[in-house]
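Listed below, chain by chain, are the residues.
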Amino acid sequence: MEKSILAYAEATLDYGVMGLLILMSVITLWLFIERMMFYTSLRLSDYDNRDELEIDLTDNLSMISVIGANAPYVGLLGTVIGIMLTFYTMGEVGTIDAKKIMVGLALALKATAMGLIVAMPAIFFYTMLLRKVEKLLTLFDVAQDKKNK
């Protein structure tokens, strides 16, 4: 019974946490590409209201931000689970083997690394897209000022 729980926990770490981080990474990349395609095809002249434009420009940006903010925590969760598994295995065996401890801890830390690898591009994409939104809104304001003169 205990072996099956340990095997289930290891599978959860490898497939659950890492799979979730990979999914978060794919979603981030997809949303970034979608936003960039939208921004390049956008015609500011189609909008009469700044608020409508802003709603369209900021669509999906919050999801990229949420992924960037939470990916490190998902990775940290995987690390905690991995460390718990390492200590559980050490306690079950009853001996301290430095090699097994180091391998277990190294494997546990891969989840944190993966979380950071997902978070850094997500925050970069979010910041880049936010700047693009600011520029487009400013261009809209300038066009509206010229139109009203």
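Residues numbered from 1 in each chain as written. Predicted model: local features only at pLDDT ≥ 70, side-chain atom pairs only at ≥ 80, totals over all residues. Heavy atoms only, no water.

Draft legend 1. Looking closely at the nonpolar core. Of all hydrophobic cores here, the largest spans 28 residues; its most connected members are Leu21, Met24, Tyr39, Leu42, Leu53 and Leu57. For this core, the secondary-structure elements that each account for two or more residues are helix H1 (2–41), helix H2 (50–57), helix H3 (61–93) and helix H4 (98–148). Looking at which element gives the most residues to this core, the answer is H4, with 10 residues. Excluding anything up to four places from it in sequence, Met24 contacts Ile67, Asn70, Ala71, Val74 and Val118. (Core = buried A, V, L, I, M, F, W, Y, C linked by side-chain atoms within 4.5 Å. Buried < 20%, exposed > 50% of the residue type's maximum accessible area, 1.4 Å probe, protein only. Helix = DSSP H or I, 4+ residues; strand = E, 2+ residues; numbered from the N terminus. Contact = heavy atoms within 4.5 Å.)

Draft legend 2. Spatial organisation of the layout of surface pockets. Looking at the largest pocket, its volume works out to about 340 Å³. Around the largest pocket, the lining comprises 18 residues; the ones closest to its centre are Glu10, Leu85, Thr86, Thr89 and Gly104. Elements supplying a minimum of two residues to the lining of the largest pocket: H1, H3 and H4. Per-element accounting of the lining of the largest pocket gives the leading share, 7 residues, to H4. For the lining of the largest pocket, the residue count by class is 8 nonpolar, 5 polar and 5 charged. (1 Å grid on protein atoms, 1.4 Å probe; cavity = no way out; pocket = protein on both sides within 12 Å on 5 of 7 lines; lining within 4 Å. Points joined across faces, edges and corners; volume = space filled by probe spheres on them. Nonpolar A, V, L, I, M, F, W, Y, C, P; charged D, E, K, R; others polar.)

Draft legend 3. Up close: the packing of H3 against H4. One way to put it is that H3 packs onto H4 with a least axis distance of 8 Å and a crossing angle of 175°. By the angle between their directions, the pair H3 and H4 is classed as roughly antiparallel. Grouping the amino acids of the contact of H3 with H4 by side-chain chemistry returns 24 nonpolar, 10 polar and no charged. (Axes fitted to C-alpha atoms, helices over the stretch in contact; angles between N-to-C directions. Parallel < 35°, antiparallel > 145°, perpendicular 65-115°, else oblique.)

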